[in-house]
Amino acid sequence: MKQVKIHDKNFQLFIPYEKIRATIEKMAETMNNDLKEKNPLFLCILNGSFMFAAELFKRISLIQTEISFVKLASYRGDKTSGQVKQLIGLNEVIEGRTVVVLEDIVDSGLTIENIQGQLKLLNPREVLVATLLLKPDALIRDVKLDYVGMEIPNDFIVGYGLDYDGLGRNLIDIYSVANE
Ligand code: 5GP
Ligand code: MG
C-alpha cells in the first residue's frame, strides 16, 4: 500500500517498516549499553507510542528493567488551565530511579517539556527521553532529547501507532500527508 486515504486526506508512504525497525534496533543497542546497572523504568506515553515501545522494549536485553504505560489527560472542571495536561497512570515510585520516557514524535516540544516537568517533581535520579521521530523545524522548546530515532520534515504523518483523528494507528509503515 503506497497510498492511503484517511478521512478527507490522502497520505503517501514515507518510512517503510523495515527502516523503522532498523532504527529502533539501533536505539535499543545504544540504550542497552548506556543503561546497564541503572535499573531503568521505561514510560510509554499512550496512545501514540505503543508500537514504538513494544518494538523497542523487546530488544532491551537488561534483566533489571520495567515498563509502565501513562497518558496525558486534560484537567476537567479546571477553569484556569485548558492547556495543562496531567500525567495519569503512573503507579510506580520513581524517586531515585532512572526513567526513560518513550515518545512517538516530538514536534513543538511542549508535550515532552510538560512530561519532564511533572516527572521531575517526583524526584527521579534522572529523566531520559527517547523519541522515535523528531521534527526539528517545528521545535519551539529547548528540550533535552537523549535518543532520537529519525529526524523528519515538518509534515503531518500517520501510521505505526500515530493517528489522524483516531484512524491510521494500525498501519505498519509511516505515511506522510500528500501535498495536493
Ligand atoms: P508536541 O507537543 O511536541 O508539539 O507534540 C507532540 C505530540 O503531538 C506527539 O506525541 C503526537 O501525539 C502529536 N503529533 C505531533 N506531530 C504529529 C504528526 O505528524 N502526526 C500525528 N499523528 N501526531 C503528531
Ligand atoms: Mg504522543
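Structure shown above.
Note that this is a predicted model, so its numbers are computed, not measured.

About the criteria used
- Residues numbered from 1 in each chain as written.
- Chains lettered and ligands numbered in written order.
- Predicted model: local features only at pLDDT ≥ 70, side-chain atom pairs only at ≥ 80, totals over all residues.
- Heavy atoms only, no water.
- Buried < 20%, exposed > 50% of the residue type's maximum accessible area, 1.4 Å probe, protein only.
- Helix = DSSP H or I, 4+ residues; strand = E, 2+ residues; numbered from the N terminus.
- Arc of directions from axis to C-beta.
- Contact = heavy atoms within 4.5 Å.
- Polar contact = N/O pair within 3.5 Å; in protein donor to acceptor, adjacent residues only side chain to side chain.
- Near = heavy atom within 4 Å.
- Areas by Shrake-Rupley, 256 points an atom, 1.4 Å probe, with all protein chains shown as cover.
- Nonpolar A, V, L, I, M, F, W, Y, C, P; charged D, E, K, R; others polar.
- Pairing = 2+ DSSP bridges.
- Axes fitted to C-alpha atoms, helices over the stretch in contact; angles between N-to-C directions.
- Core = buried A, V, L, I, M, F, W, Y, C linked by side-chain atoms within 4.5 Å.

**Remarks on helix α2 (residues 50-57)**
When we look at burial in α2, the residues that qualify are F52, A53, E55 and L56. In a view along the axis of α2, the buried residues occupy a sector of 170°, so they form one face of it. In this fold, the buried residues of α2 make contact with α1 (17-34), β3 (41-46), β4 (66-74), β6 (98-106) and β7 (126-134).

**Structural notes on the side chain of E55**
For E55, the position within the fold is in helix α2. There is a polar contact of 2.3 Å between the side chain of E55 and the side chain of Y160. For E55, the residues in contact, after removing those within four places along its chain, are Y17, R21, I24 and Y160.

**A short note on the site of ligand 1**
Taken together, 15 residues surround ligand 1, and among them S108, T111, K135, I157 and D163 come closest. Note that an oxygen atom of ligand 1 is positioned 2.4 Å from one of the side-chain N or O atoms of T111. Between ligand 1 and the protein, one listed contact pairs an oxygen atom with a side-chain N or O atom of K135 at 2.7 Å. A total of 510 Å² of accessible area belongs to ligand 1 in isolation, and the protein chains cover 79% of it. Where the shell around ligand 1 is concerned, the elements lending two or more residues are β6 and α3 (110-120). For the shell around ligand 1, the leading source of residues is β6, giving four residues. When its residues are assigned to classes, the shell around ligand 1 shows six nonpolar, three polar and six charged.

**A look at the sheet that holds β6**
An order of β5-β4-β3-β6-β7-β8 is seen for the six strands of this open sheet, with the pairing classed as mixed. Here the strands that pair on one side only, and so sit at the sheet edges, are β5 (85-88) and β8 (147-151). Taken over all neighbouring pairs, the strand axes of this sheet differ in orientation by 25° on average, direction set aside. Both β7 and β8 contribute to a ladder of four bridges, which runs parallel. Looking at the pairing, A130 lines up with Y147 of β8. Lying on the sheet, α2 is in contact with β3, β4, β6 and β7; it crosses β3 at an angle near 155°.

**Re the nonpolar core**
M31, L56, L102 and L133 are the most contacted members of the largest nonpolar core, which has 29 residues in total. Of all the secondary structure elements, the ones that give two or more residues to this core are α1, β3, α2, β6, β7 and β8. Considering every element that reaches this core, the biggest residue donor is α1, with six residues. Residue contacts for L102: discarding those within four places in its chain leaves M31, F42, L43, C44, I45, S49, F52, A53, L56, I67 and A130.

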